[in-house]
Amino acid sequence: MKKIFTLITAALMMLIVLNARAQDSQNDGDAPAKLKSYIGIFGGQSRALSDFKSTDYSNPKAGFAKNGFVMGIDGAVYFYKHFAIGYTISKQDQGNLTFDDDQKISQGYTDDFKADGSTVTADKRYRSYNILLGPQYTFVYHSLRFDLRASAGVIKNTATPSVEVAITGVPAQTATFTQQSSKGTAFAYGGSAAIRFDMGSGWDLLLKGNYVKSDGPTISTTGRTSNVGRIVTKQPMTEGQIVFGLVKEF
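Since the model is a prediction, treat every value here as computed from it, not as a measurement. (Residues numbered from 1 in each chain as written. Predicted model: local features only at pLDDT ≥ 70, side-chain atom pairs only at ≥ 80, totals over all residues. Heavy atoms only, no water.)

**Here's the deal with a nonpolar patch on the surface**
On the surface, Ile39, Ile41, Ile73, Ile89, Ile131, Phe197, Met199, Trp203, Leu205, Leu246 and Phe250 cluster together to form a nonpolar patch covering roughly 1,000 Å² of accessible area. Going through the elements one at a time, β1 (38-48), β9 (185-200) and β10 (203-214) are the ones with two or more residues in the nonpolar patch. Summarising the element assignment, Ile131 is placed in strand β5 (residues 127-141). (Patch = residues over 30% accessible without salt bridge, like charges linked within 9 Å, V, L, I, M, F, W, Y side chains within 5 Å. Areas by Shrake-Rupley, 256 points an atom, 1.4 Å probe, with all protein chains shown as cover. Salt bridge = Lys/Arg side-chain N within 4 Å of Asp/Glu carboxyl O. Helix = DSSP H or I, 4+ residues; strand = E, 2+ residues; numbered from the N terminus.)

Here's what the structure looks like:
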């Protein structure tokens, strides 16, 4: 996924250079003025992607995450013509494990331990905040603004699912063990593309797509006396978000 981030950044830089050259060829009187900074609110869907959405028991990076709601604040401060520093603060919920997920994990542990059976009980949900900051360039066409941004920051989890496993018929693992819910913070990076429609009086409608990638928080497990079966130590998180919002320029 780092290659995707590199490609997004490279494409953004190429578009900026091409547009800057076009502006340099204009007369000084035709040079565009600095755009107005803005701040806005948004809401939409956050979709789990890649390993984060996987339900493959044998993949220790599989997160069993679901699509959920995202809301937040988005804005940019322009410091030179169409160049800005953009920022996003969002809160998202990526769901919890379903009954089918519990059954799949239970069967996996039963097979790996060669046990008589196992019981899996999941609790809590994926809940997190994204805090992202990065360079932005805006193209203007009549009443439309096209924003391209590369971002980096953190994902702060307020919870991840906890998974309690009870194995039966295995003397080496008589205790119940639990994959604990994490409140860890992890580095995140990504990019976004947005369209803003100027409604006049400094108000814009926003349609935006965000891509966020992180190696995710550290996950700990307690009560384990045997290292057989699925062991999760990190939970990678990849999100694709489509949001709508209202923006105020200032």
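**Overview of the sheet that holds β10**
The strand order β1-β2-β3-β5-β6-β9-β10-β12 describes a closed barrel built from 8 strands, whose pairing is antiparallel. Along the sheet, successive strands turn relative to each other by an average axial angle of 25°, direction set aside. As paired strands, β1 and strand β2 (residues 68-80) are joined by 9 bridges and run antiparallel to one another. By the bridge assignment, Ile39 is partnered in β2 with Gly75. (Pairing = 2+ DSSP bridges. Axes fitted to C-alpha atoms, helices over the stretch in contact; angles between N-to-C directions.)

**As for the sheet that holds strand β7 (residues 162-168)**
If you trace the 4 strands from one edge of the open sheet to the other, you get β4-β7-β8-β11, paired in antiparallel fashion. The open sheet is flanked by β4 (117-123) and β11 (221-222), the only strands paired with a single partner. Relative to β11, strand β8 (residues 177-179) runs antiparallel, the two sharing 2 bridges. Bridging from a neighbouring strand, Thr178 pairs with Thr222 of β11.

**Comments concerning helix α2 (residues 99-113)**
Helical periodicity: at 3.6 residues per turn, an α-helix aligns residues three or four positions apart in one direction. Taking 1.5 Å of rise per residue, the 15 residues of α2 would be expected to cover 21 Å, and the 21 Å separating its terminal C-alpha atoms lies within 8% of that figure. Those residues of α2 that fall on the buried side of the exposure criterion are Asp101, Asp102, Ile105, Ser106, Gly108, Tyr109, Thr110 and Phe113. Elements that come into contact with the buried residues of α2 comprise β4, β7 and β8. (Expected span 1.5 Å × (residues − 1). Buried < 20%, exposed > 50% of the residue type's maximum accessible area, 1.4 Å probe, protein only. Contact = heavy atoms within 4.5 Å.)

**A look at the nonpolar core**
Inside soluble globular proteins, nonpolar side chains tend to come together where they are buried. The biggest cluster of nonpolar side chains holds 14 residues, and the ones touching the most others in it are Ile105, Tyr109, Phe113, Val120, Val165, Ile167 and Phe177. Listing elements by their share of this core, those giving two or more residues are α2 and β7. Discounting chain neighbours no more than four positions away, the residues touching Ile105 are Tyr57, Phe64, Leu97 and Val120. Core analysis: the second largest hydrophobic core is formed by 9 residues, Phe52, Tyr126, Ala188 and Val212 among them. (Core = buried A, V, L, I, M, F, W, Y, C linked by side-chain atoms within 4.5 Å.)

**A few points about the confidence of the model for the protein**
Here the protein averages 91 in pLDDT, and 87% of its residues register 70 or above. This stretch, residues 17-31, has a pLDDT under 50; its non-local contacts, to residues over four places away or in other chains, come to 9 contacts. (pLDDT = per-residue confidence, 0-100.)

**Details of the packing of aromatic side chains**
A complete count under the given rule lists 10 aromatic pairs for this structure. Measuring from centroid to centroid gives 4.8 Å for Phe83 and Tyr137, while their planes differ by 70°, and the two rings are edge-to-face. Here Phe83 is found in strand β3 (residues 83-93), whereas its partner Tyr137 is found in strand β5, with 54 residues between them in sequence. Here Tyr137 falls in the buried class, since its relative accessible area comes to 1%. In this structure, Arg196 packs its charged tip against the face of Tyr38, placed 4.0 Å from the ring centre. Note that Arg224 overlies the ring of Phe177, its terminal NZ or CZ placed 4.6 Å from the centroid. (Phe/Tyr/Trp six-rings, centres within 6.5 Å; stacked < 30°, edge-to-face > 60°. Lys NZ or Arg CZ within 6 Å of the ring centre and 35° of its normal.)

**Overview of the pattern of salt bridges**
With the rule as written, the count across this model stands at 9 salt bridges. Where Lys208 meets Asp74, a salt bridge forms, and the shortest distance between an N and an O atom there is 2.5 Å. Of this pair, Lys208 sits in strand β10 while Asp74 sits in strand β2, and the two are 134 residues apart along the sequence. Owing to a relative accessible area of 4%, Lys208 belongs among the buried residues under this scheme. According to the relative accessible area criterion, Asp74 is buried, its value standing at 1%. Residues Arg196 and Asp147 are paired through a salt bridge, measuring 2.7 Å at the closest nitrogen-oxygen approach. On the criterion of sequence distance, the pair formed by Arg196 in strand β9 and Asp147 in strand β6 (residues 144-159) is long-range, its members being 49 residues apart. A relative accessible area of 1% places Arg196 in the buried class. Counted as one network, the salt bridges with shared partners bring together Asp147, Arg196, Asp204 and Glu249.

**A look at the side chain of His82**
Assignment of secondary structure puts His82 in the loop between β2 and β3. On the accessibility criterion, His82 (8% relative accessible area) is buried. Looking at His82, its side chain comes within polar contact range of the main-chain oxygen of Thr138, at 2.7 Å. (Polar contact = N/O pair within 3.5 Å; in protein donor to acceptor, adjacent residues only side chain to side chain.)

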